[in-house]
Each structure stands twice: as C-alpha cells, then as structure tokens.
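# Results of the structural survey
In case you want the letters, here they are:
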Amino acid sequence: MTTTLRPDVCVRGSGAVAACLALALSRQALAVALQEDPPADPGRPDVRAYALNAASVALLRELKTWDALPADAVTAVYEMRVAGDADGAALDFSAWRQGVEALAWIVDAAELQRVLGAALGFAPHVQRAGDAPVDAPLLALAEGKHSATRAQLGVAMPLQPYGQLAVAARLVADADHGGVARQWFRAPDVLALLPLDRPEPRRSYALVWSLPQAQAQVLLDADPAAFEQALAEATGGAAGELRLAGERAGWPLLYARAEAVCGAGWVLLGDAAHVVHPLAGQGLNLGLADVRALTEVLAAREPWRALGDERLLQRYARRRALPTLAMGQLTDGLLSLFAHPSPMVRELRNRGLGLVDSLPPLKRLLASFAIDA
Ligand SMILES: Cc1cc2nc3c(=O)[nH]c(=O)nc-3n(C[C@H](O)[C@H](O)[C@H](O)COP(=O)(O)OP(=O)(O)OC[C@H]3O[C@@H](n4cnc5c(N)ncnc54)[C@H](O)[C@@H]3O)c2cc1C
C-alpha cells in the first residue's frame, strides 16, 4: 500500500529552480515533497554554462551550494565586449567601471545541477517523493516551459517560437580569456562567448550561437573543421583561434508568458511561468528571483493564512509581474532590432551602440539592469 505524503509544499520539477526552491523552503523548516523526473538522457551532460548575476549567486550562497561548486566550474566576468554588425559599432562594460566585484559569473550547468542534487540529499525537510501520491496545501510548479501540470490546471502559455536554434558548445582558445565575455549582435545571428575554466583553465569558452533554424542545423551537422572555420569568420579571431571541445547541442528558442502564475493552492516559477531568449542570459536568473520572491512572501505570511491562500500567492505574482515582463520585452525588442535586415535599421542600431557607449549614465543603467535583474 502506498502512503499519501502530506508535506507543507509539493515542489514539482527537476531543474535548478525546483531544486533551489525545495532547499530554500527547507531552510524555513517547511516540509517539502520534491517530485522529480529522471534525467531524459543521463549519458549526455548539459554542455551549456549559465551567466548568473549577483542576486542569483547570493541565493546559491545562502543555500550553501555556491561554495560547493568546484573552482573550475565558476568563472567571474570582469569585462563584456558587445559588437554590432558594422566596423567600430561596439559597447564595452567593465566591472571596475561599474564598481562591482564582477559583471556576472559563468557556471557550468551540469555541475550546478550535480551540486544542487547533492545538497537536496542533506536537506532536513526535503523528501524526494518519487511516484508517491502527495497531498499538500501548496503545489509549486517548476516543470519548465512544457509544464504538463500547468496545462492540466487550464493555464494557457502560448509558445511563440523565434524560428531560431541556439547552438551551444564548449570551445578552447589559443589565448587567455582574461575574464572577458564577448557578444556579437548581427542580422540575423547573436553569438556569445562566455569565459570558462573548463575543460582548460583560462582558455575555455561556452558558446551560445543563436541562428535561424536552417543555418543552425548546418552548423550542428558540419564537421568540426568546417564549424571552427565558421566560428573564426563570425568572431574575426577576437578571442584567438577557437577549437571545438566536445559535442554541440541545439536548443529551440521561444518567447512565452503564462496567462496566470498562481491560483488557489498552486504557483508557477521559472520557465514554467516565463521563457525569454538567451541573448541576455537571464532565464535562470529570473527563475531564481522567483524562488527568492516566493520564499519571502511565504515567510512573511500572517500566522492564520494557509500556504495555498490565493491572496497570499497574489503577492508573489505582483512582485514578479514587472521584472519578468520587462526582461521578456527587452530581449524580444533587442532581437527584433538586430534581426531587422533593412540597411537603415542596421545603421541606426550600430550608431545606437556607439551612442550608448559614449553616455556613461545610460551605460551604467543598462549594466545594472543586467547585473541585478
Ligand atoms: C542555450 C541556452 C543558454 C542559456 N543561458 C542562460 C544563461 O546564461 N543565464 C540564465 O540565467 N539563463 C540561461 N538560459 C535559460 C535557462 O536555461 C532556463 O531559464 C532555466 O534552465 C530554467 O530553469 P527551470 O528549472 O525553470 O526549468 P528547466 O531547466 O526546464 O527544468 C525543468 C525540469 O523539470 C522537468 N519536469 C517536467 N515535468 C515534470 C514533472 N511532472 N515532474 C518532475 N519533473 C518534471 C523537466 O523535464 C525539466 O528537466 C539559457 C537557455 C538556453 C536554451
């Protein structure tokens, strides 16, 4: 006979957002049942690396997971160089000029997932529920963009595909990365090189190259030499000679926003609630900010209020509405601007980059948006 678990909160999802939420609730001494799925393809580790902002790092520190990451799985970004699609159109950010410790931290995605999994094993109030039936006053869904439970609840989240794939891979350069992240905004692709210390210290990068689907597929199918040649042309050798270090993977890109993020007894977090283009590296940062907001709202509830009380959960929804909408619109707007083929728009956007670069207050504002979002 299977016994029904009766925790305070049931967290459903297998990604970083679900794991962080379970750990954060456990720290409030709430009993959590965590429902995870086994990894889809355990033989193929995630080749991505996440650019995390200071707020996400602070949360991971509080959850005692940041310091558990091996030193070579985290690299601080001290400079960011953004280039447009005309000679000289550029925008540079530096941690020193912004007066911050680092602009971002690049974290190995598979390693983060491993460390979070290990921490869950020690969390005193988290029970891994497996297939056991769970009856909890609050169901927190962090099932990702294709959340089936969200659909069962009747919550619409129309997925708007960009018709693009992000090609992700690990690269090794013949020169030191110097803690510099580089990004090229062009029509129609966006290419990011995120400095990493894996597989080789000081010389590795995580690549995220967003392109129209057909072009991306050609790059995914190309032999390594042809791929490296395409990379050399796209980056103009700015990061040195780049060599593929492992498998490539393609991720379909889309924009989506759930029509509601809570109701009586349920709440959505992370990609189950909002999906943005990775060009600004903010999807997981938004999900971790959801975790922070929900745990604070629950901790501050009136003693008589139930955890699943819709009025309580609306406080979370109100707190997250503007930041998630703003980030979605910013990434969507940037993508439309840079994907526009018209020569006039091209001229304007390249002049715009130069203009922002020459206006320190505007530049500071843009940087702080990315650092704190
Ligand atoms: C190429 C690329 C690069 C990116 N780079 C960055 C970056 O630099 N910085 C950043 O902040 N973000 C980045 N992102 C975005 C980031 O990957 C996502 O926002 C983040 O992974 C969302 O986390 P999540 O836990 O909400 O969802 P997911 O990572 O999708 O995890 C949800 C998991 O739950 C599982 N699941 C589904 N149903 C159930 C169920 N019923 N029970 C149990 N489990 C279930 C799913 O299979 C999935 O494994 C990037 C995205 C891409 C595609």
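## Focus on the overall build of the protein chain
The helix and strand tally for the protein chain stands at 11 helices and 18 strands. Here the protein chain holds 373 residues, and the buried ones make up 49% of them. A separation of at least 24 residues holds for 73% of the contacts in the protein chain among residues at least 6 apart in sequence.

## Digging into the site of the ligand
Of all residues adjacent to the ligand, which total 27 residues, the nearest are S14, A51, E143, D271 and L284. Here an oxygen atom of the ligand sits 3.2 Å away from a polar atom, N or O, in the main chain of V17. Alone, the ligand offers 1000 Å² of accessible surface; in the complex the protein occludes 80% of this. Looking at the shell around the ligand, the elements that each hand over two or more residues are α1 (16–27), β3 (49–52) and α8 (283–299). For the shell around the ligand, a count of residues per class yields 11 nonpolar, 10 polar and 6 charged.

## As for the pattern of salt bridges
The full count for this structure, using the stated rule, is 20 salt bridges. Salt-bridge contacts for E79 lead to R81; the nearest nitrogen and oxygen are separated by 2.8 Å. The partly exposed category is assigned to R81, whose relative accessible area is 30%. Via salt bridges that share partners, D72, D108, E111, R114, R170 and R198 belong to a single interconnected network.

## Here we look at the sheet that holds strand β2 (residues 32–35)
One open sheet accounts for 6 strands, arranged β8-β2-β1-β9-β17-β16; its pairing is mixed. Two strands bound the open sheet, and with one partner strand each, they are β8 (126–128) and β16 (262–263). Strand direction decides the pairing type here: strand β1 (residues 9–12) and β2, joined by 4 bridges, are parallel. Bridging from a neighbouring strand, C10 pairs with A33 of β2.

## Examining helix α4 (residues 109–122)
Taking 1.5 Å of rise per residue, the 14 residues of α4 would be expected to cover 20 Å, and the 21 Å separating its terminal C-alpha atoms lies within 8% of that figure. By the burial criterion, the buried members of α4 are A109, E111, L112, V115, L116, A119 and L120. For α4, the N-terminal cap is D108; the gap from its side-chain oxygen to the backbone nitrogen of A110 is 3.2 Å.

## Thoughts on the packing of aromatic side chains
All told, the structure shown has 1 aromatic pair when counted by the stated rule. Stacked on the ring of W251, the Lys or Arg R48 has its end atom at 3.7 Å from the ring centre. It is R248 that lies over the ring of F227; its NZ or CZ is 4.9 Å from the centre.

## Overview of the packing of α1 against α4
Where α1 meets α4, the axes come as close as 10 Å, and the angle between the chain directions of the two elements is 30°. Relative to α4, α1 is oriented roughly parallel. For the pair α1 and α4, the crossing hand works out as left-handed. Contact with α1, carried on its side by A16, A19, C20, A22 and L23, involves L112, Q113, L116, A119 and L120 of α4 and no other residues of that element.

## With respect to the environment of K145
Tracing the chain through its elements places K145 in the loop between β9 (138–141) and α5 (148–152). The sequence separation of K145 and A272 amounts to 127 residues, and the corresponding C-alpha distance is 4.6 Å. Leave out the neighbours within four places in its chain, and K145 touches R150, M157, L159, L254, D271, A272 and V275.

## Overview of helix α2 (residues 54–62)
Here α2 has its buried residues at S56, V57, L59 and L60. Summarising the axial view, the buried residues of α2 lie within an arc of 160°, below the 170-degree limit, and thus occupy one face. After α2 finishes, the residue K64 shows a positive phi value of roughly 60°.

## As for the sheet that holds β3
Sheet strands line up and pair through hydrogen bonds in the backbone, either parallel or antiparallel. Across the sheet, which stays open at both edges, the 3 strands sit in the order β3-β7-β4 with antiparallel pairing between neighbours. Here the strands that pair on one side only, and so sit at the sheet edges, are β3 and β4 (74–77). Direction aside, the axes of adjacent strands within the sheet are offset by 25° on average. With 4 bridges joining them, β3 and strand β7 (residues 104–108) adopt antiparallel strand pairing. Within the sheet, the bridge partner assigned to L52 lies in β7 and is W105. Packed onto the sheet, α4 meets β3 and β7 and runs at close to 80° relative to β7.

## Digging into the side chain of D108
Within the fold, D108 resides in strand β7. In this structure the side chain of D108 is engaged in a polar contact, spanning 3.2 Å, whose partner is the backbone nitrogen of A110. Only 2.9 Å separates the side chain of D108 from the backbone nitrogen of E111, close enough to count as a polar contact. Beyond its immediate stretch of four places on either side in the chain, D108 contacts R48, A49, A73, R170 and R198.

## Observations concerning unusual backbone geometry
Cis rather than trans, the peptide bond between R198 and P199 has omega equal to 5°. Despite not being glycine, K64 has its phi angle at roughly 60°, a positive value. Locating K64 in the fold gives a position in the loop between α2 and β4. Here K64 falls in the exposed class, since its relative accessible area comes to 62%.

Definitions and limits used
- Residues numbered from 1 in each chain as written.
- Predicted model: local features only at pLDDT ≥ 70, side-chain atom pairs only at ≥ 80, totals over all residues.
- Heavy atoms only, no water.
- Helix = DSSP H or I, 4+ residues; strand = E, 2+ residues; numbered from the N terminus.
- Buried < 20%, exposed > 50% of the residue type's maximum accessible area, 1.4 Å probe, protein only.
- Contact = heavy atoms within 4.5 Å.
- Near = heavy atom within 4 Å.
- Polar contact = N/O pair within 3.5 Å; in protein donor to acceptor, adjacent residues only side chain to side chain.
- Areas by Shrake-Rupley, 256 points an atom, 1.4 Å probe, with all protein chains shown as cover.
- Nonpolar A, V, L, I, M, F, W, Y, C, P; charged D, E, K, R; others polar.
- Salt bridge = Lys/Arg side-chain N within 4 Å of Asp/Glu carboxyl O.
- Pairing = 2+ DSSP bridges.
- Expected span 1.5 Å × (residues − 1).
- Phe/Tyr/Trp six-rings, centres within 6.5 Å; stacked < 30°, edge-to-face > 60°.
- Lys NZ or Arg CZ within 6 Å of the ring centre and 35° of its normal.
- Axes fitted to C-alpha atoms, helices over the stretch in contact; angles between N-to-C directions.
- Parallel < 35°, antiparallel > 145°, perpendicular 65-115°, else oblique.
- Left-handed = near helix turned anticlockwise from the far one by under 90°.
- Arc of directions from axis to C-beta.

On their own, these measurements won't tell you what the molecule is for.
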